[in-house]
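Listed below are the residues making up each chain.
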Amino acid sequence: MAHVIALANHKGGASKTTSVANLGAAFAMEPLNKRVLLIDADPQANLSTIFGCDPELIGMRLEDALERPSWDDAPAAWRTRPVPGQEPVELAAGVHVLPCTEELEVVVRSEAQAEGFAHRLRNLVALYDGSYDIILIDTPPGRQALSTLALLAAHYVIAPIRPADLDVEGAIRLTEMLEDEIEQHNPSIKMLGVLVTQTDRRWKIGGAARNALKEAQIATFEREVPFAVSVGRAPAYMAPTIVLQPDGRVGSAYRDVAMGLAEVLDQVTRLEVVS
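Analysis parameters
- Residues numbered from 1 in each chain as written.
- Predicted model: local features only at pLDDT ≥ 70, side-chain atom pairs only at ≥ 80, totals over all residues.
- Heavy atoms only, no water.
- Helix = DSSP H or I, 4+ residues; strand = E, 2+ residues; numbered from the N terminus.
- Areas by Shrake-Rupley, 256 points an atom, 1.4 Å probe, with all protein chains shown as cover.
- Pairing = 2+ DSSP bridges.
- Axes fitted to C-alpha atoms, helices over the stretch in contact; angles between N-to-C directions.
- Contact = heavy atoms within 4.5 Å.
- Core = buried A, V, L, I, M, F, W, Y, C linked by side-chain atoms within 4.5 Å.
- Buried < 20%, exposed > 50% of the residue type's maximum accessible area, 1.4 Å probe, protein only.
- 1 Å grid on protein atoms, 1.4 Å probe; cavity = no way out; pocket = protein on both sides within 12 Å on 5 of 7 lines; lining within 4 Å.
- Points joined across faces, edges and corners; volume = space filled by probe spheres on them.
- Nonpolar A, V, L, I, M, F, W, Y, C, P; charged D, E, K, R; others polar.
- Salt bridge = Lys/Arg side-chain N within 4 Å of Asp/Glu carboxyl O.
- Patch = residues over 30% accessible without salt bridge, like charges linked within 9 Å, V, L, I, M, F, W, Y side chains within 5 Å.
- Lys, Arg positive; Asp, Glu negative; His and termini not counted.
- Charge placed at Lys NZ, Arg CZ, Asp CG, Glu CD.

*Asks:* Would you take a moment to explain the overall build of the protein chain for this structure?
*Replies:* Counting its secondary structure elements, the protein chain contains 11 helices and six strands. A total accessible area of about 12,800 Å² is found for the protein chain, and carbon and sulfur atoms account for 50% of it.

*Asks:* How do you make sense of the sheet that holds strand S5 (residues 156-161) when you look at a structure like this?
*Replies:* For sheets, the rule is that strands pair by backbone hydrogen bonds, running either parallel or antiparallel. What the six strands build is an open sheet, ordered S3-S2-S4-S1-S5-S6; its pairing is parallel. In the strand order of this sheet, the two ends are held by strand S3 (95-98) and strand S6 (190-196), each with one partner. Averaged over all pairs of adjacent strands, the angle between strand axes in this sheet comes to 20°, irrespective of strand direction. Looking at chain direction, strand S1 (residues 3-7) and strand S4 (residues 134-138) are connected through five bridges and run parallel. Residue pairing in the sheet places Ile5 in a bridge with Leu136 of S4. Its contacts with the sheet place helix H1 (residues 16-28) against S1, strand S2 (36-40), S3, S4, S5 and S6, and it is angled at close to 165° to S4.

*Asks:* Is there a simple way to explain the nonpolar core in this structure?
*Replies:* Soluble globular proteins tend to bury their nonpolar side chains together. One finds Leu62, Leu121, Ile135, Ile137 and Leu151 to be the most contacted residues of the largest nonpolar core, which totals 48 residues. Those residues in contact with Leu151 that lie beyond four places of it in its chain are Ala6, Val157, Leu174, Met177, Leu178, Ile182, Asn186 and Ile189. Judged by nonpolar contacts, the second largest core, of 40 residues, contains Ala28, Ile50, Ile134 and Ala234.

*Asks:* Sorry if this is basic, but what is going on with the layout of surface pockets here?
*Replies:* Remark: the empty space left among the atoms is shown by a probe the size of a water molecule rolled over them. In this structure, the largest pocket encloses a volume near 460 Å³. Around the largest pocket sit 29 residues that line it, and Ser15, Lys16, Thr17, Thr18 and Val231 are the ones nearest its centre. Among the secondary structure elements, those contributing two or more residues to the lining of the largest pocket are H1, helix H2 (46-50), helix H9 (234-237) and helix H11 (249-274). Examining the composition of the lining of the largest pocket, we find that four residues originate from one element, H1, more than from any other. Along the lines of polarity and charge, the residues of the lining of the largest pocket split into 13 nonpolar, 13 polar and three charged. One number sums up the size of the second largest pocket: a volume of about 180 Å³. Around the second largest pocket sit Thr175, Leu178, Glu179, Glu183, Ile189, Lys190, Met191, Ala216, Gln217 and Ile218, which together line it.

*Asks:* Before we go on, may I ask you to explain unusual backbone geometry in this structure?
*Replies:* Glycine aside, the phi torsion of most residues is negative, and most peptide linkages are trans. In this structure, the amide linkage connecting Glu30 to the following residue, Pro31, adopts the cis form with an omega of 5°. Its place among the elements puts Pro31 in the loop between H1 and S2. For Ser15, which is not a glycine, the phi torsion comes out positive at approximately 75°. Although it is not a glycine, Ala45 sits at a positive phi angle of roughly 60°. For Ala45, the location among the structural elements is in the loop between S2 and H2.

*Asks:* Help me understand empty space enclosed by the protein in this model?
*Replies:* The final tally for this structure, using the stated rule, is one cavity of 30 Å³ or more. One number sums up the size of the largest cavity: a volume of about 30 Å³. Taken together, the elements giving at least two residues each to the lining of the largest cavity come down to helix H6 (145-153) and helix H7 (165-182).

*Asks:* Explain the pattern of salt bridges to me, please; I cannot follow it from the model alone.
*Replies:* Pairing between side chains becomes possible if they bear opposite charge and their charged atoms approach one another. What the rule picks out here adds up to seven salt bridges. The partner of Asp266 in a salt bridge is Lys34, with the nearest N and O atoms 3.4 Å apart. Of this pair, Asp266 sits in helix H11 while Lys34 sits in the loop between H1 and S2; the two residues are 232 residues apart in sequence, bridging distant segments of the chain. In this structure, Asp64 engages Arg61 in a salt bridge whose closest nitrogen and oxygen atoms are separated by 3.1 Å. According to the relative accessible area criterion, Arg61 is buried, its value standing at 18%.

*Asks:* Help me understand a negative patch on the surface, please; the structure alone is not making it clear to me.
*Replies:* A contiguous patch of negative charge on the surface is contributed by Glu176, Glu179, Asp180 and Glu183. Considering the arrangement of structural elements, one finds Glu183 in the loop between H7 and S6. For Glu183, a relative accessible area of 34% translates into the label partly exposed.

*Asks:* Just to check I follow, could you spell out the pairing of S2 for this structure?
*Replies:* Consecutive residues of a regular strand have side chains that alternate between opposite faces of the sheet. For S2, the buried fraction is high: five of the five residues fall into the buried class. The side-chain alternation of S2 yields two buried faces, one formed by Val36, Leu38 and Asp40 and the other by Leu37 and Ile39. Across five bridges, S2 lies against S4 in parallel orientation. Bridging across to S4, Asp40 finds its partner in Asp138.

*Asks:* Explain the environment of Glu176 here, please?
*Replies:* Along the chain, Glu176 falls in helix H7. Looking at Glu176, the relative accessible area reads 39%, which means it is partly exposed. In this structure, the C-alpha to C-alpha distance between Glu176 and Ala216, residues 40 residues apart in sequence, is 9.6 Å.

Here's what the structure looks like:
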């Protein structure tokens, strides 16, 4: 069974999209070699841009899929393709992307009141079970319908944050939302932890912030992801930083996080098989 992980935080600019792109590539690379599907559920479509997905692709985008109440087969997830005038970077073979465009927001608004709409993404994701080992969902900031769709579809949540108090508060609010609004519909969802991103050697997450997370009983990944200007190059090269600079500080950090997550998820799988 595929492990479905949503990356979410009410606060914008917390590296959700960057984390989805880099963790997805890390899972697909040696030595993990996982089959990975990335779902772009943010109408800003930055994840789709990072992987060079053409907004005019003929076929199923996420908004096209969510317009339909049901499917006979899973929509085909897209590999990246060359953009005229640019030379794409070779990606790990196991990364596929279900892209979106800004039209996703229009579709959600028009379909939000339709019967069963809240579970359409969950039902869609279920069709990919068996085809992928890991499914990562990028979500928009804020408490909106698309975030709820993603959380209802996911088995796990990771909350990327910057080392700033407002982002910590966002992670705490996300946990409260999980408890108050989501668990009644998706009781098995679990928080894997807070992933601290955009850190600087001179600006590690403060003790007060870590204490706040601890008091809220929110686990925090020990490995932090450093800030790097090079992260902004990803869309131009149609590849995440870990592919462009596999031995760089950012790539190494995401590889370490992916390795740790893979170990945790493999343990969960073994326990499910035994039970």
